[in-house]
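Structure assessment
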Amino acid sequence: MPDNKLKDLPPSIARLAESGVIRSYKKKSIIISEGDSGDTLLVLLEGSVRVFGQDGNGKEVTYGHIDAPSYFGEMSLDGGPRSASIEATTACKCAVITRERVRASLATSPELATELITKIIARARAATDTVRSLALKDAYGRLREVLEHLAIEPDENGHRKIKSGTTHASLALQIGTSREMVSKILRDLETGGYVRTEGRNMTLVKALPRHW
């Protein structure tokens, strides 16, 4: 495996990835399904994925996105069911490591144990923040937060472009509301001069209002 795919990973994860089986996934592929038995950790070497959950009626909520280089699947290394589904939002390449291999590495690498514990804590906190946002903020408040997160650094005019590939439908999934609601809010923001839309590209022209 070329070193340039591993150099930006924590050293303990990079060493683990070197022992994994490399698999490629097409865009829109479901890499992990919620509820399945968890027996692997996946190191994301190329591409981006979406983490989401689904209720019994098929309604989805997006918990977040993961970009390479990173890893996922650590929450089910106890052999329990997967807590969320993972979808490839671009073509992806992963190193797949078995639970047995991870456990063997944990026995000899305190550094790996610390890395996994830190990641699990961070993702648990992120999940708590997502639940709090869905419970306590209205749709506009959640959308404002997501747009601020997706906006890149401002240009010389103070304008901030939204990450490429962001659609009304993907925003709706992230904030737990309908695409129609997202479209309505964005139309109002565009009318107010806060957002500019050019084709599929969105730009924050000025600071978003606290309330809608």
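The coordinates are above.
Residues numbered from 1 in each chain as written. Predicted model: local features only at pLDDT ≥ 70, side-chain atom pairs only at ≥ 80, totals over all residues. Heavy atoms only, no water.

To continue, consider the sheet that holds strand S5 (residues 60-67). Pairing within the open sheet is antiparallel, and its four strands lie in the order S2-S7-S4-S5. The sheet is open, and its two borders are formed by strand S2 (30-32) and S5, each paired with just one other strand. Across the sheet, the mean angle separating the axes of adjacent strands is 30 degrees when strand polarity is ignored. As paired strands, S2 and strand S7 (residues 85-88) are joined by two bridges and run antiparallel to one another. Directly across from Ile32, in S7, lies its bridge partner Ile86. Against the sheet, helix H5 (residues 168-175) makes contact with strand S4 (48-54) and S5, and its axis sits at roughly 105 degrees relative to S5, the strand it touches most. (Pairing = 2+ DSSP bridges. Helix = DSSP H or I, 4+ residues; strand = E, 2+ residues; numbered from the N terminus. Axes fitted to C-alpha atoms, helices over the stretch in contact; angles between N-to-C directions. Contact = heavy atoms within 4.5 Å.)

The next thing to look at is the side chain of Thr203. The residue Thr203 is located in strand S11 (residues 201-204) in this model. Here Thr203 falls in the buried class, since its relative accessible area comes to 4%. If we skip the residues at most four places from it in the chain, Thr203 touches His159, Arg160, Lys161, Tyr194, Val195 and Arg196. (Buried < 20%, exposed > 50% of the residue type's maximum accessible area, 1.4 Å probe, protein only.)

Counted at 1.5 Å a residue, the expected span for helix H4 (residues 139-150) with its 12 residues is 16 Å, and the 16 Å between its end C-alpha atoms agrees. Here H4 lies mainly inside the structure; nine of its 12 residues are buried. Those residues of H4 that fall on the buried side of the exposure criterion are Ala139, Tyr140, Gly141, Arg142, Leu143, Arg144, Val146, Leu147 and Leu150. (Expected span 1.5 Å × (residues − 1).)

What follows concerns unusual backbone geometry. The omega angle of the peptide bond from Ala68 to Pro69 is -5 degrees, so this bond is cis rather than trans. Checked against the element boundaries, Pro69 lands in the loop between S5 and strand S6 (70-72). In this structure, Lys28 is a non-glycine residue whose phi angle is positive, near 80 degrees.

A few words on the pairing of S7. Neither face of S7 is open: one carries Ser85 and Glu87, the other Ile86 and Ala88, and all of them are buried. Judged from the four bridges that link them, S4 and S7 form a sheet pairing that is antiparallel. Residue pairing across strands places Phe52 opposite Ser85, the latter belonging to S7.

So, about the sheet that holds S11. Taken together, three strands build an open sheet; the order of strands is S9-S11-S10 and the sheet is antiparallel. Taken across any chain shown, the strands that pair with only one partner, and hence form the sheet edges, are strand S9 (160-161) and strand S10 (195-198). Sheet analysis places S10 next to S11, joined by four bridges and oriented antiparallel. The partner of Val195 across the bridge, within S11, is Leu204.

To continue, consider the pattern of salt bridges. Under the counting rule described, the total for this entry stands at nine salt bridges. Here Asp67 and Lys163 are joined by a salt bridge, their closest N and O atoms 3.3 Å apart. One end of the pair, Asp67, is in strand S5; the other, Lys163, is in the loop between S9 and H5, and 96 residues separate them in sequence. Here Lys163 falls in the partly exposed class, since its relative accessible area comes to 38%. (Salt bridge = Lys/Arg side-chain N within 4 Å of Asp/Glu carboxyl O.)

Here we take up the packing of H5 against helix H6 (residues 179-191). One way to put it is that H5 packs onto H6 with a least axis distance of 8 Å and a crossing angle of 110 degrees. Considering the angle they form, H5 stands roughly perpendicular to H6. For the crossing formed where H5 meets H6, the hand is right-handed. Residue-level inspection shows His168, Ala169, Leu171, Ala172 and Ile175 of H5 in contact with H6, the latter providing Arg179, Val182, Ser183 and Leu186. Considering only residue class, the contact of H5 with H6 consists of six nonpolar, two polar and one charged. (Parallel < 35°, antiparallel > 145°, perpendicular 65-115°, else oblique. Left-handed = near helix turned anticlockwise from the far one by under 90°. Nonpolar A, V, L, I, M, F, W, Y, C, P; charged D, E, K, R; others polar.)

The values are spatial; any link to function lies outside them.
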